[in-house]
Amino acid sequence: MQQNPPGPIEVRRSRKRVRTVTAFRDGDTTVVSIPARFTRAQEREWVHRMVTRLAAQERRRRPSDEQLATRAAELSARYLGGTASPTSVTWSSKQGRRWGSCTPVDGTIRISTRVRGMPSFVLDYVLLHELAHLLQPGHGAEFWALLSAYPRTERARGFLEGVSFGEERGGARPDDAARDDGHPDDDDTDGDDLDGDDVVARDDLADEDL
Ligand SMILES: [Zn+2]
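Only a predicted model underlies this, so the values are computations on that prediction, with no experimental measurement involved.

(A) Inspection of the overall build of the protein chain at higher detail. Regarding its fold elements, the protein chain presents six helices and seven strands. Across the protein chain, helices and strands are ordered from the amino to the carboxyl terminus as β-β-β-α-α-β-β-β-α-α-α-β-α. Scored against the burial criterion, the 210 residues of the protein chain give a buried share of 25%. Counted over contacts in the protein chain with a minimum sequence separation of 6, partners at least 24 positions apart contribute 57%.

And the structure:
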């Protein structure tokens, strides 16, 4: 499993920021935003705290193949009455622009490693999407009816659409042509917020009596 590289840490001091500290990854760089009035000691303490918290959050969001299969079984039981039972569910780095794919004949599901690190409601949606394809190959009404019990389908589709939009704006990827899994045009709707990627500390800070 991929670990977070100990890349550079950039501390941003903001006068507008009063009682919150946020941290997020920008490529290899970890950006920590702190109130401008923080002392050096507070800066050190909070950078350490936020980097630790960010790493813990990312570990939670990067389950192993085994955890992926367990999660798929839970989702099938909860939203599909247990009717979809894949033989394997694994991460795959060969999905091109697809978020996932399945092979109904042998019951295998692959989830793109691009989904790793996304919020869990998005991963759940991608898993459910492929689970539903074990039951329904196309994207017809019957297919979407299978997903209707999952309350965050539209939100997750919006999230993924936003990611795709950002990638397209960032330039074409070499694997753009790889888009043929028998159910093309996976997942397209409007964008959504990405604030789930930030770690924000608020309550802790209030306790510090700044
Ligand atoms: Zn699909």
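(B) Local environment of the environment of Arg25. Counting through the fold element by element, Arg25 comes out in strand β2 (residues 21-26). When the C-alpha positions of Arg25 and Glu10 are compared, they lie 9.9 Å apart, and in sequence the two are 15 residues distant.

(C) Fine view of the nonpolar core. Counting residues in each nonpolar core, the largest one holds 26 residues, and the members touching the most others are Ile111, Val115, Val122, Val126, Leu127, Leu128 and Leu131. Secondary structure elements with two or more residues in this core: α2 (65-79), β4 (88-92), β6 (108-112), α3 (120-135) and α5 (153-169). By residue number, the principal contributor to this core is α3, which donates nine residues. Beyond its immediate sequence surroundings of up to four residues, Ile111 is in contact with Leu68, Val89, Trp91, Ser92, Gly100, Val126 and Leu127. Formed by seven residues, the second largest nonpolar core is a distinct cluster that contains Ala23, Val32, Ile34 and Trp46.

(D) View of the packing of α3 against α5. In the contact formed by α3 and α5, the axes pass within 9 Å of each other and the chain directions differ by 100 degrees. Here α5 runs roughly perpendicular to α3, going by the angle between their axes. Along the contact surface, α3 presents Phe121, Val122 and Tyr125, while α5 presents Thr153, Arg155, Ala156, Phe159 and Leu160. A breakdown of the residues in the contact of α3 with α5 according to their chemical character gives six nonpolar, one polar and one charged.

(E) Focus on α2. Taking 1.5 Å of rise per residue, 15 residues should cover 21 Å, and α2 covers 21 Å from first to last C-alpha, within 8% of that figure. Check the buried side of α2 and you find it contacts β4, β6 and α3. Trailing α2 by a residue or two, Gly81 shows a phi angle of about 60 degrees, which is positive.

(F) A look at the pairing of β6. Summarising the sheet, β4 and β6 pair through five bridges and their orientation is parallel. Bridging from a neighbouring strand, Trp91 pairs with Ile111 of β6. Pairing between strand β5 (residues 100-103) and β6: four bridges, direction antiparallel. Residue pairing across strands places Gly100 opposite Ile111, the latter belonging to β6. Hairpin connection from β5 to β6: four residues lie between these consecutive antiparallel strands, with Gly107 at a positive phi of about 75 degrees.

Here is what the cut-offs are and how they apply
- Residues numbered from 1 in each chain as written.
- Predicted model: local features only at pLDDT ≥ 70, side-chain atom pairs only at ≥ 80, totals over all residues.
- Helix = DSSP H or I, 4+ residues; strand = E, 2+ residues; numbered from the N terminus.
- Buried ≥ 20, exposed ≤ 12 C-beta atoms within 10 Å, placed from the backbone.
- Contact = placed C-beta atoms within 7 Å.
- Core = buried A, V, L, I, M, F, W, Y, C linked by C-beta atoms within 7 Å.
- Axes fitted to C-alpha atoms, helices over the stretch in contact; angles between N-to-C directions.
- Parallel < 35°, antiparallel > 145°, perpendicular 65-115°, else oblique.
- Nonpolar A, V, L, I, M, F, W, Y, C, P; charged D, E, K, R; others polar.
- Expected span 1.5 Å × (residues − 1).
- Pairing = 2+ DSSP bridges.

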